[in-house]
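Notes for the structure review
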Amino acid sequence: MKVRNMALCGAFAAFLTLCAWISVPMGSIAFTMQTFGVLFALGLLGGKWGSVSILVYLLIGATGVPVFSGFQGGFGVLLGATGGYLTGFLFSALIFWLLTAIFPGKKALLPAMLAALAGCYLFGTLWYSCFYAPGLPLGSILSVCVLPYLIPDVLKLSLAFFLTRKLSRFV
């Protein structure tokens, strides 16, 4: 069972890389499919192994392998404008894991995914506002970090939820 889970973690770390490479530049924060990949990994693998796959992805990227959006890699990317979102993926995974551990069952999946997405927004927006736009009004920060991504991310969350429900019995 552990070998299977480790293989799935590696496969989803690779899947997150592919999701990062599907990227549309939009200012300092690109539109990517990473949130879909994160939520899909969490939905299919669960909180524990989904978190491990995200951690593996981040560690691979931190070593310099170009797994992040724009074919970037290195620790500097984790400290850049989007670094809060990248590390926020792990924060999101921990939120998902906690909620699904407290409320086990299929009914907790959608609320846990929503909370995970909100956690990623929170972590990424705080990072951006503290290190890249200190003193900027909250409305301006939200117009850069959250508002342009809400509808696409809700669609990605819906797709991750739907695919998780359909494919979980095969994993």
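Described below are features of the structure shown in this document. Computed from a prediction, not measured in an experiment: that's the story for all the values here.

Our next topic: the pattern of salt bridges. The tally for this structure, following the rule as stated, stands at one salt bridge. Across the salt bridge formed by K156 and D153, the nearest N and O atoms sit 2.7 Å from each other. Of the two residues, K156 and D153 both sit in helix 7 (residues 150–167), three residues apart, roughly one turn of that helix. Like K156, the residue D153 is buried in the burial classification.

Below, the discussion takes up helix 5 (residues 109–131). Given a rise of 1.5 Å per residue, 23 residues ought to cover 33 Å, and the 33 Å separating the end C-alpha atoms of helix 5 matches this to within 8%. Restricting attention to buried positions, one finds in helix 5 the residues L109, A112, M113, A116, L117, G119, C120, Y121, G124, T125, W127 and Y128. Where the residues of helix 5 are buried, they touch helix 2 (34–62), helix 3 (75–78), helix 4 (83–102), helix 6 (138–145) and helix 7.

A word on the packing of helix 4 against helix 5. The contact between helix 4 and helix 5 brings their axes to 7 Å, and the two run at 150°. One way to sum up the angle between helix 4 and helix 5 is to call them roughly antiparallel. With respect to the hand of their crossing, helix 4 and helix 5 are arranged in right-handed fashion. Of the residues assigned to the contact of helix 4 with helix 5, the class counts are 16 nonpolar, nine polar and no charged.

The next point concerns the side chain of T35. Summarising the element assignment, T35 is placed in helix 2. Polar contacts involving the side chain of T35 include one to the side chain of K156, which spans 2.9 Å. If sequence neighbours within four positions are ignored, T35 has contacts with F89, L117, D153 and K156.

Turning to the packing of aromatic side chains, a few remarks are in order. By the definition in use, this model includes ten aromatic pairs. Relative to F71, the ring of W21 has its centre 4.9 Å away and its plane inclined at 35°; by these criteria the two rings are tilted. Of this pair, W21 sits in helix 1 (residues 2–21) while F71 sits in the loop between helix 2 and helix 3, placing them 50 residues apart in sequence. According to the relative accessible area criterion, F71 is exposed, its value standing at 52%. Among the aromatic residues, ring-to-ring pairing joins F12, F15, F36 and F40 into one connected group.

How each quantity is defined
- Residues numbered from 1 in each chain as written.
- Predicted model: local features only at pLDDT ≥ 70, side-chain atom pairs only at ≥ 80, totals over all residues.
- Heavy atoms only, no water.
- Salt bridge = Lys/Arg side-chain N within 4 Å of Asp/Glu carboxyl O.
- Helix = DSSP H or I, 4+ residues; strand = E, 2+ residues; numbered from the N terminus.
- Buried < 20%, exposed > 50% of the residue type's maximum accessible area, 1.4 Å probe, protein only.
- Expected span 1.5 Å × (residues − 1).
- Contact = heavy atoms within 4.5 Å.
- Axes fitted to C-alpha atoms, helices over the stretch in contact; angles between N-to-C directions.
- Parallel < 35°, antiparallel > 145°, perpendicular 65-115°, else oblique.
- Left-handed = near helix turned anticlockwise from the far one by under 90°.
- Nonpolar A, V, L, I, M, F, W, Y, C, P; charged D, E, K, R; others polar.
- Polar contact = N/O pair within 3.5 Å; in protein donor to acceptor, adjacent residues only side chain to side chain.
- Phe/Tyr/Trp six-rings, centres within 6.5 Å; stacked < 30°, edge-to-face > 60°.

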